[in-house]
Every structure is written in C-alpha cells, then in structure tokens.
Amino acid sequence: MSEIILDSVIDSIKLLPFLFLTYLFMEWLEHKTGAAARKRIRTAGKFGPVWGGLLGVIPQCGFSAAASSLFAGRVITVGTLIAVYLSTSDEMFPIMISNAVPVVTIVKILTCKAVIGILSGLVLEYVYTHILKKQEPDVDIHEICEEERCHCEHGVISSAAFHTLKVFVYIFLISLVLNIIIGLVGEETLAGLFTGTPIAGELIAALVGLIPNCASSVVITQLYLDYIIGAGAMMAGLLVNAGVGLLILFRLNRDRVQNLKIVGVLYGLGVFWGIIIEFAGIVF
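Residues numbered from 1 in each chain as written. Predicted model: local features only at pLDDT ≥ 70, side-chain atom pairs only at ≥ 80, totals over all residues. Heavy atoms only, no water.

1. Considerations on the overall build of the protein chain
At step 1: Of the regular secondary structure elements, the protein chain holds 16 helices and 0 strands.
At step 2: The burial tally for the protein chain puts 52% of its 284 residues in the buried class.
At step 3: Of the contacts formed within the protein chain by residues at least 6 apart in sequence, a portion of 81% connects residues at least 24 apart.
At step 4: Entry remark: accessible area of the protein chain is about 13100 Å², with carbon and sulfur atoms responsible for 71%. (Helix = DSSP H or I, 4+ residues; strand = E, 2+ residues; numbered from the N terminus. Buried < 20%, exposed > 50% of the residue type's maximum accessible area, 1.4 Å probe, protein only. Contact = heavy atoms within 4.5 Å. Areas by Shrake-Rupley, 256 points an atom, 1.4 Å probe, with all protein chains shown as cover.)

2. Section: the packing of aromatic side chains
Geometry of an aromatic ring pair is reported as the spacing of the ring centres plus the angle between the planes.
At step 1: Enumeration over the complete set of coordinates arrives at 1 aromatic pair.
At step 2: For the pair Phe272 and Trp273, a centre-to-centre distance of 5.3 Å together with 75° between the ring planes defines the contact as edge-to-face.
At step 3: Given a relative accessible area of 44%, Phe272 falls into the partly exposed group.
At step 4: Looking at Trp273, the relative accessible area reads 19%, which means it is buried. (Phe/Tyr/Trp six-rings, centres within 6.5 Å; stacked < 30°, edge-to-face > 60°.)

3. Looking at the side chain of Thr221
At step 1: Along the chain, Thr221 turns up in helix α13 (residues 214-225).
At step 2: Classification of Thr221 as buried rests on a relative accessible area of 0%.
At step 3: Apart from residues no more than four positions distant in its own chain, Thr221 is found in contact with Met92, Ile95, Met96 and Leu238.

4. Some details on the packing of helix α4 (residues 48-56) against helix α6 (residues 78-87)
At step 1: At a minimum axis distance of 7 Å, the contact between α4 and α6 shows a crossing angle of 20°. On the basis of the axis angle, α4 is roughly parallel to α6. Here α4 and α6 pass one another in a crossing that is right-handed. Here Gly48, Pro49, Gly52, Gly53 and Gly56 of α4 come into contact with α6, specifically with Gly79, Thr80, Ala83, Val84 and Ser87. (Axes fitted to C-alpha atoms, helices over the stretch in contact; angles between N-to-C directions. Parallel < 35°, antiparallel > 145°, perpendicular 65-115°, else oblique. Left-handed = near helix turned anticlockwise from the far one by under 90°.)

5. Describing the packing of helix α14 (residues 231-239) against helix α16 (residues 256-279)
At step 1: Closest axis-to-axis distance for the α14/α16 pair is 7 Å, and the angle between their directions is 160°. Our classification of the angle between α14 and α16 gives roughly antiparallel. Between α14 and α16 lies a crossing of right-handed hand. Two secondary-structure elements touch here, α14 through Ala231, Gly232, Ala233, Met235, Ala236 and Leu239 and α16 through Leu266, Gly270, Val271, Trp273, Gly274, Ile277 and Glu278.
At step 2: Grouping the amino acids of the contact of α14 with α16 by side-chain chemistry returns 9 nonpolar, 3 polar and 1 charged. (Nonpolar A, V, L, I, M, F, W, Y, C, P; charged D, E, K, R; others polar.)

6. A closer look at the nonpolar core
At step 1: With 53 residues, the main nonpolar core has Tyr85, Met234, Met235, Leu266 and Phe284 as its most contacted residues.
At step 2: Setting aside its immediate chain neighbours within four residues, Phe284 contacts Thr105, Lys108, Ile109, Cys112, Tyr224, Ala231, Met234, Met235 and Ile277.
At step 3: Among the nonpolar cores identified, the runner-up in size contains 6 residues, and Ala72, Val244, Leu247 and Leu252 belong to it. (Core = buried A, V, L, I, M, F, W, Y, C linked by side-chain atoms within 4.5 Å.)

7. Some details on α16
At step 1: With 24 residues, α16 should cover 34 Å at 1.5 Å per step; its first-to-last C-alpha distance of 35 Å lies within 8% of that length.
At step 2: Of the positions making up α16, those classed as buried are Gln258, Asn259, Ile262, Val263, Leu266, Leu269, Gly270, Val271, Trp273, Gly274 and Ile277.
At step 3: For α16, the capping residue at the N-terminal end is Asp255, with a side-chain oxygen 3.3 Å from the backbone nitrogen of Val257.
At step 4: Backbone geometry just after α16 places Gly281 at a positive phi near 70°. (Expected span 1.5 Å × (residues − 1). Polar contact = N/O pair within 3.5 Å; in protein donor to acceptor, adjacent residues only side chain to side chain.)

8. Brief notes about a nonpolar patch on the surface
At step 1: On the surface, Phe47, Trp51, Leu54, Leu55 and Ile58 cluster together into a nonpolar patch covering about 530 Å² of accessible area.
At step 2: Residue placement: Leu55 occurs in helix α4.
At step 3: Its relative accessible area of 40% is what places Leu55 among the partly exposed residues. (Patch = residues over 30% accessible without salt bridge, like charges linked within 9 Å, V, L, I, M, F, W, Y side chains within 5 Å. Salt bridge = Lys/Arg side-chain N within 4 Å of Asp/Glu carboxyl O.)

9. Some remarks on the environment of Leu176
At step 1: Turning to its location among the elements, Leu176 is positioned in helix α10 (residues 156-185).
At step 2: Spatially, the C-alpha atom of Leu176 lies 8.2 Å from that of Val9, the residues being 167 residues apart in sequence.

10. Quick notes on the confidence of the model for the protein chain
At step 1: For the protein chain, the average pLDDT comes to 76, and 67% of its residues sit at 70 or higher.
At step 2: Across the protein chain, the element-wise mean pLDDT spans from 51 in helix α3 (residues 35-43) up to 93 in α16. (pLDDT = per-residue confidence, 0-100.)

Structural data, given as structure tokens:
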C-alpha cells in the first residue's frame, strides 16, 4: 500500500508546475485582458489544433492537464483539446527508452500521433463550427472561481495556487483509487484482455487507454514491445490515453454531457485510426 500511495503522490506532483502555470495564465488573462482577449485567442483557433498536436507530442502528461483547464475556461477550442489528447504520449516515451527501442522507431510513433492529432483536431474544428454551427459560450474565470470558492479577490498568484492545490488533491485521490484497483486486479489480468479477443484488439485497447492512469499506457506499450498486440491496437490505446487530462475535464468543465461527448469522440477516433493503421499494415 505504501508503494501505491508513493506512486500516486509522485504522479500527481509531476503535474504541479503545469497546473500552476496554466492557472496563472488564465488568471492573468482574466484580470489583465478580459473576455475580449480570450475570445480573440479562441477565434484564432483555426490553427490551434496544429499547435495542440505539436505540443501534446512532447513526452509529458502535463500538457493534457493544461489543455483541459484551458478548455474549461474556454481559452482553447474543442479541436485543440482533442489534438492535444490524441498526440500526448504520457508514459510511452520512457517505457520505450528503457527498453532500448531505436530512436527512429520512437520518432515514427510520436510523429504519427502528432499528425493524427493535428488532422483530427482540424477536421473536428471544421465540423463543430461550420457544419454543426456550434459556438462555445464565453466563460468568465470568476464563474469557475465562485464554484471552486478559491477567493480570487486575493490576487492572481494566490488564486492560481489555490486552484492548483484543489485540483492536485482531486487528482491524487482519484489516482490513488485507480492504483489500488489496478494493484488488486493486476496488470497481467489487464493485459489478458488483449490476448483473449485479438479481433477486437483496437476496441479493447482504446477502452484500456481511456483509464486515466499511467498503468494503462505502460501495459499497452509493453504488450506492443513484446509482440502481443499489433501497431493498430497499440496506437488505438495510446491515442486515447489522455491521462489525467480527462479527470481535470470532468472536474472543471460544468457541461457533463459535453464531457461525455468529448470522451466518445476521442474513443471513436482512437479506434478509427487504430483500424486504419492495422489494415494498412503499418509497422513501426
């Protein structure tokens, strides 16, 4: 149990710099520029998915957490959010490095995730704004503050620190519960899901990838390196593996229906691209 608690603490602490800088930026944006500037940033988001896909591919799960916070404050668009989710690599990078995977192979996988994230984000952005004709309502950061009771009147830095602390505690508690469950179930049992129904590899891999815990990406990556699952299933699982980004989305974004739709779209895109890769015979 002590090891599980320690792992949960370490995983949560890794996010602190990203969370604090994100909330600091959001508070500054609200205090110094207001809704008009936020709207300009969001409407300039036609290229947001490009930046989201490129930044998300950097091997650090904090980007998905930051993206969720920015989306909850309506600073970035849904297309940019999905681009970050799809491209983020979480624990895949260190696992492959520790297994002495050739750098060329790692670069190919990261490039593929970035390209998929950018393309999917751009298409989703176009469908959302031009076909469905939907527009995100503007959100005042202080509305979130009132719900969180963070005492924004005390200043930008203290408010950002309070937001960070509250989300940190939330992430730690959820991560602890997930680590306990996975510890009881066992990673071997989790891995057995893939070998039991290989035809549905992409579907199952994507479901496992949705688990907001580093264990899911570790299992998927290791199974691919051990030649138990193919590139399609591996990519399906890793594409949807947004980590704690999903936890923060449900914690901060008040539109629960929208949250579920985002998870559904993320899952569908992960499975779709996984099947495409599998049928195309792509091997990394």
